[in-house]
Amino acid sequence: MIGVFAAGERGRRAAVELAGFLGPDAVVPDGPIGPALRALWPRLGSAVFFLGTEPTVRLVAPLLRDERADPGVVCVDGGFAVALLGGAEALAERVADVLDAQPVTTSASAGSPLDELVELLDATVEGDLAACGEAVRLGEPVLLANPLGFPLPALPDNVVTGGHETAWTVLVDDRVPKGPADDRVVRVVPRTLVVGVGSSTGVSATAVSAALAQLQDRRGLDLRAIRAFATLDRKVAEQGIADALEDWGFWHDSTTAPLLAYPGEELAVIPVPNPAELAIGIPSVAEAAALRGAMELSAGGRVEIAAEKVKGDGVTVAAARVLPRGRLALVGLGPGDADERTPRAEAELRRASVVVGSAECVAQVRHLLRPGTKVAADGAVRLAEAGAAVAYVDTGAGPVVSGPIRADVIRVTGVTRQL
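Cut-offs used in this document
Residues numbered from 1 in each chain as written. Predicted model: local features only at pLDDT ≥ 70, side-chain atom pairs only at ≥ 80, totals over all residues. Heavy atoms only, no water. Helix = DSSP H or I, 4+ residues; strand = E, 2+ residues; numbered from the N terminus. Buried < 20%, exposed > 50% of the residue type's maximum accessible area, 1.4 Å probe, protein only. Contact = heavy atoms within 4.5 Å. Core = buried A, V, L, I, M, F, W, Y, C linked by side-chain atoms within 4.5 Å. Pairing = 2+ DSSP bridges. Axes fitted to C-alpha atoms, helices over the stretch in contact; angles between N-to-C directions. Phe/Tyr/Trp six-rings, centres within 6.5 Å; stacked < 30°, edge-to-face > 60°.

Asks: Describe in detail the overall build of the chain, supporting the description with residues and values.
Replies: A count of helices and strands for the chain gives 13 helices and 21 strands. Projected onto its principal axes, the C-alpha coordinates of the chain cover approximately 85 × 55 × 40 Å. The buried share of the chain, taken over its 419 residues, is 48%. For the chain, long-range pairs separated by at least 24 residues make up 64% of all intrachain contacts whose partners lie at least 6 apart in sequence.

Now the structure itself:
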C-alpha cells in the first residue's frame, strides 16, 4: 500500500490526483495526517507526503523500527520529489514524472544500484564501489562489462554497455583482468567456480595451496570466485587438502565453500579435456571432480571447464564454471491489495530487469520497479531463456508455465482468499 498524505484542501487535491496515477495501491486517508499515518504505518509499503522535509521527518521518525522493513518515504517539497528513507528512489522518480518535478536522491536513502547489484549476485567487490556508485547517482555515464552474461536487475540509463566515453567501469567477471590494475574499474566477482582437487596420499597443505595459487597466476581466475571444492570421496580425509582449504577460507574471508566428494565410478565416466591413463581408472580426478561439482550446483544448467588442470607437488587442480543463465520468477500478487502481497514478491520485482504481465497486474506494482525496468505483456519464457532477469506476474497464486525452461525458475506463490 502507498499512503499519500497532504494537509489543506489544495494539498489533498494534489494527493488525490497523484494517487490516481500511482494505481490501486495508493490511498489518500481522511483526517489529520498524524493519526492517519500512525494507523496505516504497519501496512504501508511506501508513503508520499506533500510536506517539507523537516515536518515529514518529524512525523515518521517516532515510527521507524527497522530499515529493512520500514516503508520507503518520499516528500514533495517545492518542485522536488525527495527520496528520504527506505530505498524510495524508484517511487521518487515515479512521483517526479507524474508531477513534472525534479527527483532527488539523498545520502540518507538506500545505497546506489551497484550496492544492490553486488548483494543480488552474492559477489565480492574490488575497487571503490562507493565512488562509482556516486557517479551512477549523479547521472554520469558508467560502463558495465558483463562478459559471462549474468542476469542483472534493471539499472539506470546512464549505466551503459558501450558507445559512450566513461570515467568508471563496472566489470562483472570471475577472471582477473590482464595488465596493470585500474583504480577506475570496480570488479564485481560472483561465485561461479568449482575447483577439483586430485592428490597423492599424504600431500602437504603447502603443495595444495601452491597449486590453487596457480589457478590465478597461470590460468587467470580470481580465487574469490570459488563457490565449492570437489574431489574423489576417499580423498576427503587427506589432512593436507583439509588444511589448505581452511587456509583458503581464512584468507578469502569465506566459510561457505563446501568440499564435495564423489565416488570413483561417477568421475570415471565424465569426459575431460586432458585424460590420462591412471591406475585408479579415472582419466583426471581434478577436471572430472570440478565438472561433477559444477553440474550438481548448476541444477541442470550449463557448465564448462574454466581452467584445465595444473600440476603441483603431488597434487592436481582444475576449475569448472557454472555458467549464468536467465532467471524467471513466477510471482503471485495475491488478491490485489498491497497488504496481501508478500515481501518476497516485492523483492523479486526489484530484482527483475523485465516485468511481464497484464496491464492491470503491472499497474499494481509499477511503483515498486526500479528505474529502467522494462515492461512486456507476454514473452516471459523467451526473455528468460535469452538471459534476462524476468518477473512474470499474475493475480492470486501466480502464473503457470509448462514444459522445460532453459532458465532458473523461482516460484513466489501469492496468497489466496479463503471463501
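Asks: Could you give me a rundown of the nonpolar core, with the residues and numbers involved?
Replies: It is characteristic of soluble globular proteins that their nonpolar side chains tend to be buried jointly. Among the nonpolar cores identified, the biggest contains 24 residues, and V195, V208, L212, L215, F229, V315 and V317 are the most heavily contacted of them. Counting only elements with at least two residues in this core, the list comes to β12 (193-199), α7 (205-217), β13 (226-232), α8 (239-251), β15 (303-311) and β16 (315-322). In terms of residue count, the dominant contributor to this core is α7 (5 residues). In this structure V315 touches V197, G198, S199, V203, A207, V208, A211 and V310, once residues within four positions along its chain are discounted.

Asks: Tell me about the sheet that holds strand β4 (residues 72-77), and please be specific about residues and values.
Replies: Spatial strand order, β2-β1-β3-β4-β5-β6: 6 strands in an open sheet with mixed pairing. Strand pairing shows two members of the sheet lacking a second neighbour, β2 (26-27) and β6 (102-105), which therefore form its edges. The pairing of strand β1 (residues 2-6) with strand β3 (residues 46-50) spans 5 bridges and is parallel. The residue bridging G3 from the neighbouring strand is A47, located in β3.

Asks: Account for the sheet that holds strand β14 (residues 259-262), with residues named and values stated.
Replies: Spatial strand order, β14-β13-β12-β16-β15: 5 strands in an open sheet with mixed pairing. Only two strands of the sheet have a single neighbouring strand rather than two, namely β14 and β15. On average, adjacent strands in this sheet sit at an angle of 25 degrees to one another, irrespective of strand direction. Taken together, the 7 bridges between β12 and β16 define a ladder with antiparallel strand orientation.

Asks: I'd like a rundown of the packing of aromatic side chains, residues and numbers included.
Replies: Throughout the structure, instances matching the rule amount to 3 aromatic pairs. With a centroid separation of 5.2 Å and 85 degrees between ring planes, the pair formed by F229 and W248 is classed as edge-to-face. With F229 in strand β13 and W248 in helix α8, this pair connects stretches of sequence that are 19 residues apart. An identical accessibility class is assigned to F229 and W248; each is buried. Seen from their ring centres, F250 and W251 are 5.2 Å apart, and the 85 degrees between their planes marks the pair as edge-to-face.

Asks: I'd like a rundown of the environment of A286, residues and numbers included.
Replies: Here A286 lies in helix α10 (residues 285-298). Separated by 19 residues in sequence, A286 and L267 have C-alpha atoms that sit 9.5 Å apart. With near-sequence residues (within four places) excluded, A286 lies in contact with G196, V197, G198, T316, V317 and A318.

Asks: Before we move on, could you go through unusual backbone geometry and cite the residues and values that matter?
Replies: Located in the positive-phi region is D100, a residue other than glycine, with phi close to 55 degrees. Structurally, D100 can be placed in the loop between α4 (89-99) and β6.

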